[in-house]
Amino acid sequence: MSILQAAIILTIMNYVISVLDNFMAWDATWRPLFVGWLTGLCLGDQKTGLIMGAQLEAIYMGISAIGGVIPSDPESGTLIPIAAVILSGTDMNAAIALAIPVGTLINYANTLVSPIQVAFLGLYDKYAAANDQKAYTLLHYLYCFVITPLPRTVVIFLALWLGVGNLGAINNAMPIWLINGLDVASGMLVAVGFGILTSMIWSKKLGIFFFVGFVLAEMMGVKTIGIAIIALAIAISIFLVDHKIQTVAAEVSSAPGGEQKAIEDKEDSLF
Amino acid sequence: MAKNKRELTPTEKKNLRHIFWCSGQMWGDFTMVKMEGNTYAYCMLPVINEVYGDNKELATEAFVRNTEFFNTHASAAGLVFGLSYALERERAADPEAVSGEMITNIKTSLMGPLAAIGDSIFFNCIRVIAAGIGISLASQGNPLGVFLFVGIYGGIFLAVKWYLLNLGYTVGTDTITKAFKSGIIQSLSEAACAMGLVMVGSLVSSMVSITSPAQIPMGAGTTMVLQDIFDGIIPGFLKLVLLFGIVLLIRKKWKPIWIIFLILAIGVVGSLLGIL
């Protein structure tokens, strides 16, 4: 398969994924796990796609979660490195190490083409004010299928067509110490996504649960699905206890005389 | 605003289904200007037609009003959709009692808390669980991991949206506000955080790889492997050091991309020096 052929196939795949995800808004099909698998499938190397997709998902897991603004596009950050590995024999770990910078570059390119999206926004207001529902609906679908995904699709195509061969060439030109270094770094990069997640959900009260998960996996070798079940049990018990405390508190405060009275009563009964 | 326990008419069911499927297109015309507003109005079209009927003036007012800026979590949005459907119906029945402004205010006041809860539960908990299961299978080359990820994450996303949409339409504003005040939401997000933390902890152990080949001469020709010393403290000690180092940098407002470049540099320098 030539680079151009692959670029065309992957561009079509990318367009379908974008539209699919926009259509469900469920945030699942543009994730590295899915994109990675599909990229591998399209290029005839499902296994590489799955393995790299899994590692990239771990990296992107936290990165895409920061309040609406994504510093690196997970879709292209998965598509391009995997294509580079399968098509031009780039070292897998080096490609993973380069995934985030690639996604960031694509993100800049997407920002550059985003004025196209805003350009037609005025039409929405015009049709709404005229209560022209047919035209409004048509515009909405034009956005879903063309105006939103097309500029990004062009960016992806150019990146694949011009980038994949070059990524391979860059990789071949790299000295061995650099490749070794990137190998080491790619194993550590995964921690960035987890670090972001941890800093977001960490609290003094709940922090210990991080170590529960760590110990279960590291020392006891429990499989992920088993840990998920334990986590679910912990979550349910926390919810029930917490909710019960709040219900009791609400009952106390809604008792005659209100919260203050209830507290006073309690204080009185102490003596 | 009580609309409890009655059978929904076929039109209502049809409109709820329309909202359910079409609200998925929120990212189709997502822009920084209106965010999800334009799709919101599109979803509400059949509702507007149903409740306002021939009253073109009110219908147009509602149409324009619904294109206003809107942004929340795409699954939790179901609740707002359901509520605003019920409110539009009340406005059609008595335009004096329920003003358009009031509907907008209720929508806007729910946007923030729902986005916060939706983002934290979906991104920090459900996605972490689904991806954790998916990653563990996919990294062995098993495509089932991908299907489980999409099935669990996407499935819960859709189920929650459908439930909240119906809930919002049937229970009314008072109940929702009461629920927000009762603290059930806080309990829920606390539980989700704990679940997320357990998963992240286990994924740090299984996905992060950092080892040190360095050996320290102990005299008399013996050496001690640095890794063994670390693992003597707690297995996977270096993983924890790396993770909490990153957490510290994020707390210090470092941008993720700089942390990544720092790690690339550490990887290259560390392997050159033979300590990583």
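Residues numbered from 1 in each chain as written. Chains lettered and ligands numbered in written order. Predicted model: local features only at pLDDT ≥ 70, side-chain atom pairs only at ≥ 80, totals over all residues.

Further remarks concern the overall build of chain A. The secondary structure content of chain A amounts to 13 helices and zero strands. In chain A, the succession of helices and strands from N to C terminus is α-α-α-α-α-α-α-α-α-α-α-α-α. For a compact globule of 271 residues, the expected C-alpha radius of gyration is about 18 Å, and chain A comes in at 25 Å, more than 25% above that figure. In terms of overall dimensions, chain A has a C-alpha envelope of 85 × 65 × 25 Å along the principal axes. Split into buried and exposed, the 271 residues of chain A put 48% on the buried side. Of the contacts formed within chain A by residues at least 6 apart in sequence, a portion of 71% connects residues at least 24 apart. (Helix = DSSP H or I, 4+ residues; strand = E, 2+ residues; numbered from the N terminus. Rg over C-alpha atoms; globule rule 2.2 N^0.38 Å. Buried ≥ 20, exposed ≤ 12 C-beta atoms within 10 Å, placed from the backbone. Contact = placed C-beta atoms within 7 Å.)

On to the domain arrangement of chain A, then. For chain A, the assigned domains are domain 1 (3–201) and domain 2 (203–271). Using only C-alpha atoms to locate each centre, domain 1 of chain A and domain 2 of chain A end up separated by 40 Å. (Domains from an automatic or database assignment.)

Let's shift gears to the environment of A:Gly163. Structurally, A:Gly163 can be placed in helix 9 (residues 149–173). With 46 residues separating them along the chain, A:Gly163 and A:Phe209 place their C-alpha atoms 43 Å apart.

Let us look at the interface of chain B and chain A. The interface of chain B with chain A comprises 90 residues on the first partner and 91 residues on the second. Secondary structure elements with two or more residues in the side of chain B that touches chain A: helix 2 (37–52), helix 3 (56–66), helix 5 (100–138), helix 6 (144–171), helix 8 (184–207), helix 10 (237–251) and helix 11 (256–273) of chain B. In terms of residues, the side of chain B that touches chain A owes the most to one element, helix 8 of chain B, which gives 21 residues. Across the side of chain B that touches chain A, the residue classes break down as 55 nonpolar, 29 polar and six charged. (Nonpolar A, V, L, I, M, F, W, Y, C, P; charged D, E, K, R; others polar.)

Bringing the nonpolar core into the picture now. Formed by 164 residues in total, the largest nonpolar core has its most connected members in A:Ala83, A:Leu189 and A:Ala191. The element contributing the most residues to this core is helix 5 of chain B, with 17 residues. Not counting residues up to four positions away in its chain, the partners in contact with A:Ala191 are B:Val204, B:Val208, B:Leu242, B:Leu243 and B:Ile246. (Core = buried A, V, L, I, M, F, W, Y, C linked by C-beta atoms within 7 Å.)

Moving on, we get to the domain arrangement of chain B. The domain architecture assigned to chain B consists of domain 1 (10–202) and domain 2 (209–273). On a C-alpha basis, the centroid separation for the pair domain 1 of chain B and domain 2 of chain B is 43 Å.

This paragraph deals with the confidence of the model for chain A. Keep in mind that low pLDDT regions are not for reading the predicted coordinates in detail. All names here are of chain A. For chain A, mean pLDDT is 85; residues scoring 70 or higher make up 91% of the total. Of all secondary-structure elements in chain A, the lowest mean pLDDT belongs to helix 13 (residues 258–270), at 48, while helix 2 (residues 32–42) reaches the highest, 94. Low confidence marks residues 261–271, where pLDDT is under 50. Its contacts with residues over four positions away, or in another chain, come to four contacts. (pLDDT = per-residue confidence, 0-100.)

Relative to the helices and strands, A:Ile100 is located in helix 5 (residues 92–113). What makes A:Ile100 buried here is the crowd of 29 C-beta atoms within 10 Å. When the C-alpha atoms of A:Ile100 and A:Ile208 are compared, they prove to be 30 Å apart, with 108 residues separating the residues in sequence. Among residues more than four places away in sequence, those in contact with A:Ile100 are A:Ile59, A:Ser72, A:Gly77, B:Ile257 and B:Ile260.

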